[in-house]
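# Fold and contact review
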Amino acid sequence: MGLFNSRKTVFVDSDVLIIGGGFGGCGAAYESRYWGRDLKVVIVEKANIERSGAVAQGLYAINCYMGMQWGENQPEDHVRYARNDLMGLVREDLGYDIARHVDSSVHMFEEWGLPIMKDEETGRYKREGKWQIMIHGESYKPIVAEAARKAATKVYNRVMVTHLLMDVTRPNRVAGAVGFSVRDGNFYVFRSKTVIVTAGGASHIFKPHSVGEGMGRTWYAPWSSASAYALPIQVGAKMTQMENRIVLTRFKDGYGPVGAYFLHLKTYTENAYGDNYEATWYQSIKDMVGDYVEHQPVPTCLRNHAFLQEVKAGRGPIRMVTKEAFKDPEKETVGWENFLGMTIGQAVVWASQNIDPKETNPELVMSEPYVMGSHATCSGAWASGPEDYAPADYQWGYNRMMTVEGLFGAGDTIGGTAHKFSSGSFTEGRIAGKAAVKFIKDLGNDQPEVSETEVENLKTTVYQPMENYAIGRNEITAGTVSPSYLLPIQGLQRLEKIMDEYVGGIGSNYLTNEPMLTRGLELLSMLKEDLPHLGAEDLHQLMRAWELQHRVLASECVTQHTMFREETRWPGYYYRADHPKLDDTDWHCFTLSRYDPESGDWAMEKAPVHHIID
Ligand SMILES: Cc1cc2nc3c(=O)[nH]c(=O)nc-3n(C[C@H](O)[C@H](O)[C@H](O)COP(=O)(O)OP(=O)(O)OC[C@H]3O[C@@H](n4cnc5c(N)ncnc54)[C@H](O)[C@@H]3O)c2cc1C
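Values in this document were obtained by computation on a predicted structure and should not be read as measured data.

Here we take up the overall build of the chain. When helices and strands are tallied, the chain shows 17 helices and 19 strands. A globule of 614 residues ought to have a C-alpha radius of gyration of about 25 Å, and the chain, at 23 Å, matches this closely. For the chain, the C-alpha atoms occupy an extent of roughly 65 × 60 × 50 Å along the three principal directions. The proportion of buried residues among the 614 residues of the chain is 61%. In the chain, the share of contacts with a sequence separation of at least 24, taken over all contacts with a separation of at least 6, comes to 76%. Roughly 22700 Å² of accessible area belongs to the chain as shown, and the carbon and sulfur atoms make up 50% of that amount. Side chains of the chain give 62 positive and 79 negative charges; the mean places of these two sets differ by 3 Å.

This brings us to the packing of aromatic side chains. Using the criterion set out here, one finds 37 aromatic pairs in the structure. Summarising the aromatic geometry, the rings of F23 and Y140 are spaced 4.7 Å apart at their centres and angled 65 degrees between planes, so their arrangement reads as edge-to-face. Pair noted here: F23 is in helix α2 (residues 23–35) and Y140 is in helix α5 (residues 140–151), with a separation of 117 residues, a long-range link. By relative accessible area, which is 7% here, F23 ends up buried. On the basis of relative accessibility, which here comes to 0%, the residue Y140 falls in the buried class. Each ring, one from Y398 and one from F439, has its centre 5.1 Å from the other, and the planes form 80 degrees; the classification is edge-to-face. Of this pair, Y398 sits in the loop between β14 (380–381) and β15 (407–409) while F439 is found in helix α12 (residues 421–443), placing the two residues 41 residues apart along the sequence. For Y398, a relative accessible area of 17% translates into the label buried. Taking the relative accessible area as the measure of exposure, F439 reaches 5% and is therefore buried. Each residue in the set F23, Y30, F109, W112, Y140 and F426 is aromatic and connected to the rest through ring pairs, giving one cluster. Its guanidinium or amino end placed over the ring of W382, R91 lies 4.7 Å from that ring's centre, counting from NZ or CZ.

With that settled, the discussion passes to the pattern of salt bridges. One pass over the full model with this rule turns up 38 salt bridges. Among the ionic pairs, R100 bridges to D97, the shortest N-O distance being 2.9 Å. Residue R100 and its partner D97 are both found in helix α4 (residues 92–111); the two are separated by 3 residues, about one turn of the helix. Here R100 falls in the partly exposed class, since its relative accessible area comes to 25%.

Looking now at the pairing of strand β7 (residues 174–181). Within β7, 8 of the 8 residues are buried, leaving the element largely enclosed by the surrounding structure. For strand β6 (residues 159–166) and β7, the ladder comprises 7 bridges, and the chain directions are antiparallel. For L165, the partnering residue across the bridge sits in β7 and is G176. Bridge analysis of β7 against strand β8 (residues 187–197) gives 5 bridges, and the strand direction is antiparallel. Along β8, the bridge assignment pairs G176 with R191.

With that settled, consider helix α13 (residues 452–472). With 21 residues, α13 should reach 30 Å at 1.5 Å per residue; the first-to-last C-alpha distance of 30 Å fits that figure. If you look at α13, its biggest bend is around 50 degrees, right at Q464, and the proline P465 turns up within four residues after that. Among the residues making up α13, those that are buried are V455, L458, K459, V462, Y463, P465, M466, N468, Y469 and G472. Two or three places before T453, at the opening of α13, S451 has a side-chain oxygen 3.3 Å from that residue's backbone nitrogen.

Lining the immediate environment of the ligand, one finds 31 residues, of which G24, E45, A61, S374 and S422 sit closest. Here G24 contributes a backbone N or O atom positioned 2.7 Å from an oxygen atom of the ligand. Protein contact buries 95% of the 1000 Å² of open area that the ligand shows by itself. Those elements that provide at least two residues to the shell around the ligand are α2, β3 (59–62), β6 and α12.

The subject of this paragraph is the side chain of N338. Inspection of the secondary structure assignment puts N338 in helix α10 (residues 329–342). If sequence neighbours within four positions are ignored, N338 has contacts with Y60, P257, A260, Y261 and T343.

If you want to describe how two helices pack, look at the angle between their axes and the distance between the axes. Between α2 and α5, the least distance of the axes is 8 Å, while the angle of their chain directions is 35 degrees. You can see that α2 and α5 cross each other, and the crossing is left-handed. Of α5, the residues touching α2 (which contributes F23, C26, A29, Y30 and R33) are Y140, K141, V144, A145, A148 and A151. Considered class by class, the residues forming the contact of α2 with α5 number 9 nonpolar, no polar and 2 charged.

What follows concerns the environment of G345. The topology assignment puts G345 in helix α11 (residues 344–352). Along the backbone, G345 and D253 are 92 residues apart, and their C-alpha atoms lie at a distance of 9.0 Å.

Another aspect to go through is helix α14 (residues 488–502). Compared with an ideal rise of 1.5 Å per residue, which puts 15 residues at 21 Å, α14 spans 21 Å between its outermost C-alpha atoms and is within 8% of the ideal. Buried residues along α14 sit in contact with α15 (514–530) and α16 (539–564). Backbone geometry just downstream of α14 places G504 in the positive-phi region, at approximately 100 degrees.

A word on the side chain of T194. Inspection of the secondary structure assignment puts T194 in strand β8. Here the side chain of T194 touches D15 through a polar contact of 2.8 Å, landing on its backbone oxygen. Not counting chain neighbours up to four residues away, the residues in contact with T194 comprise D15, V16, L17, G406, F408, A436, F439 and I440.

Turning to the nonpolar core, a few remarks are in order. I19, Y140 and Y229 are the most contacted members of the largest nonpolar core, which totals 163 residues. Apart from the residues within four sequence positions on either side, Y140 is in contact with F23, V55, L59, I62, F109, L114, I135, S422 and S423. Counting 19 residues, the second-largest nonpolar core is a separate cluster that includes A175, V182, L458 and A536.

A few words on the state of the cysteines. Summed over all chains, the structure comprises 0 disulfides. Sulfur of C26: no disulfide; nearest cysteine sulfur belongs to C64 and is 17 Å away. Cysteine C301 shares no disulfide, and the gap to the nearest cysteine sulfur, in C378, comes to 11 Å.

Reading the values: rules and limits
- Residues numbered from 1 in each chain as written.
- Predicted model: local features only at pLDDT ≥ 70, side-chain atom pairs only at ≥ 80, totals over all residues.
- Heavy atoms only, no water.
- Helix = DSSP H or I, 4+ residues; strand = E, 2+ residues; numbered from the N terminus.
- Rg over C-alpha atoms; globule rule 2.2 N^0.38 Å.
- Buried < 20%, exposed > 50% of the residue type's maximum accessible area, 1.4 Å probe, protein only.
- Contact = heavy atoms within 4.5 Å.
- Areas by Shrake-Rupley, 256 points an atom, 1.4 Å probe, with all protein chains shown as cover.
- Lys, Arg positive; Asp, Glu negative; His and termini not counted.
- Charge placed at Lys NZ, Arg CZ, Asp CG, Glu CD.
- Phe/Tyr/Trp six-rings, centres within 6.5 Å; stacked < 30°, edge-to-face > 60°.
- Lys NZ or Arg CZ within 6 Å of the ring centre and 35° of its normal.
- Salt bridge = Lys/Arg side-chain N within 4 Å of Asp/Glu carboxyl O.
- Pairing = 2+ DSSP bridges.
- Expected span 1.5 Å × (residues − 1).
- Bend = angle between axes of the 7 residues up to and from the residue.
- Polar contact = N/O pair within 3.5 Å; in protein donor to acceptor, adjacent residues only side chain to side chain.
- Near = heavy atom within 4 Å.
- Axes fitted to C-alpha atoms, helices over the stretch in contact; angles between N-to-C directions.
- Left-handed = near helix turned anticlockwise from the far one by under 90°.
- Nonpolar A, V, L, I, M, F, W, Y, C, P; charged D, E, K, R; others polar.
- Core = buried A, V, L, I, M, F, W, Y, C linked by side-chain atoms within 4.5 Å.
- Disulfide = S-S within 2.5 Å.

Quick look at the structure:
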């Protein structure tokens, strides 16, 4: 107890506060410094930016590179690609904005020391696919983090942000954030003119395939805990496309990526009897989505649909045919290096299960759903678009500013812009950083003010789980069961079960309907009633407690959106069994939500999808 009695409050003032030092955050720091030489740029990160975020382990490919210097692709091509993959619904203004700048980000990565593979004959970057270039990327994150570290005035590692702060006089103006150090327990109050949220996506809101001691093995990073969504939601920022969760085909148990296998090694899938099954499901898909089935490349969700139906028909497991490709020593090397550069766990799983891909075609699996904004999916905050390109109703001020004044975002945080990946997230961070600096310069001396009472109240709230534990720990009835508190892991498992069973997880075959969603919302509200009784025995558990709080709020948002969209837009990601078809007449639109922090109510609306590119 002595340690926590001496808990200090540390005040930090900045012009630009960046929450999360992953790819979006590093881009935001770099560009804020470029445009704001004399500004105070602060990064706050719950881990250590050296190895934090979804790219922590490294990557083997940069998935978003146009290659404009060689005339390979143009930004318009990328918008068409993302729009097609998302069944028509993307923010074309935001996507175009990233695509036109992304190559310059990749060129900087190379300048900073990232080894990018080259085609020996042409001298161009070696392509894995139309948009992907191959890298030796084990150190991708440290290389990019070094540039951000040099750009930032200060980086606060090991500080988890729990809440945003608002201005005392203007209720829709952000003024900073609070959080705590997961190392020494100090309370941090960040007062800032602008805030850029770049806190990654959300894993572990749906029950994963691996439970118990294997639960850390998910596809998206287990530390992606939905802060990117909960922080803006808590202060009433509008969110978009939160129903558009993603489900991925991956190698079973290790979630090893399949992109390099399909694109570079030219491997393919077959059912348990050696048959190509995709064509079997053509008519079933056409019945659901009409002409979208003819689109090339076939949208990710529709390929998932064929996989799921084949397994349901009893002809699983689905396998990746690796035996042929692995006969070629060069391809075999690429196959293994692909894992060693970013998902070592998959190689270990194969070794432990006696799978040599030269001898055995490995099993694939359809993952549990994840919520994120940078992959083949586009959940996130509703943001203002670029001045020179966005339609009038997508613009209310500064590029990438949310519907809250002074609050910006990038990467997984921002909705409507699928397929940005690592390079696009970094680029979007740069765009947000530049706009935040412009916002500050336009402001002159206008400094938001933080309420001392609010800060004191939040300090009590943030540490409440430790107080609950300290008071209740002697009442343990059995094992870890206490009558007066619940542990973060218990709350997490309850959340995952609700989402899995009612909102379209693996346990319900990705199916849901209005009555299930209604019941899901009831159970979520009961879970929310219990959250003030979380108990945390140490600072690590305190972080888990706040991660859970963020996951629950984001899950509620996902459920509200899933209820609102009365169609099945992305079969293979989830199915509204009561509205089993795609409905372009009523639902060729974005879904928007706004949470009222005072009442706890959600307001839903539609926003038009503007097709800017032919
Ligand atoms: C398994 C996997 C494979 C991928 N493969 C590829 C690939 O091959 N090629 C490619 O280009 N892209 C790939 N990506 C995508 C890429 O990693 C993401 O698009 C990108 O990292 C998103 O950037 P971000 O800044 O939004 O999130 P992140 O990079 O995840 O950064 C978020 C940061 O916020 C921090 N944070 C979270 N909550 C808080 C909080 N409350 N307080 C303080 N800090 C917080 C986190 O610790 C983290 O550092 C892959 C991702 C995964 C998970």
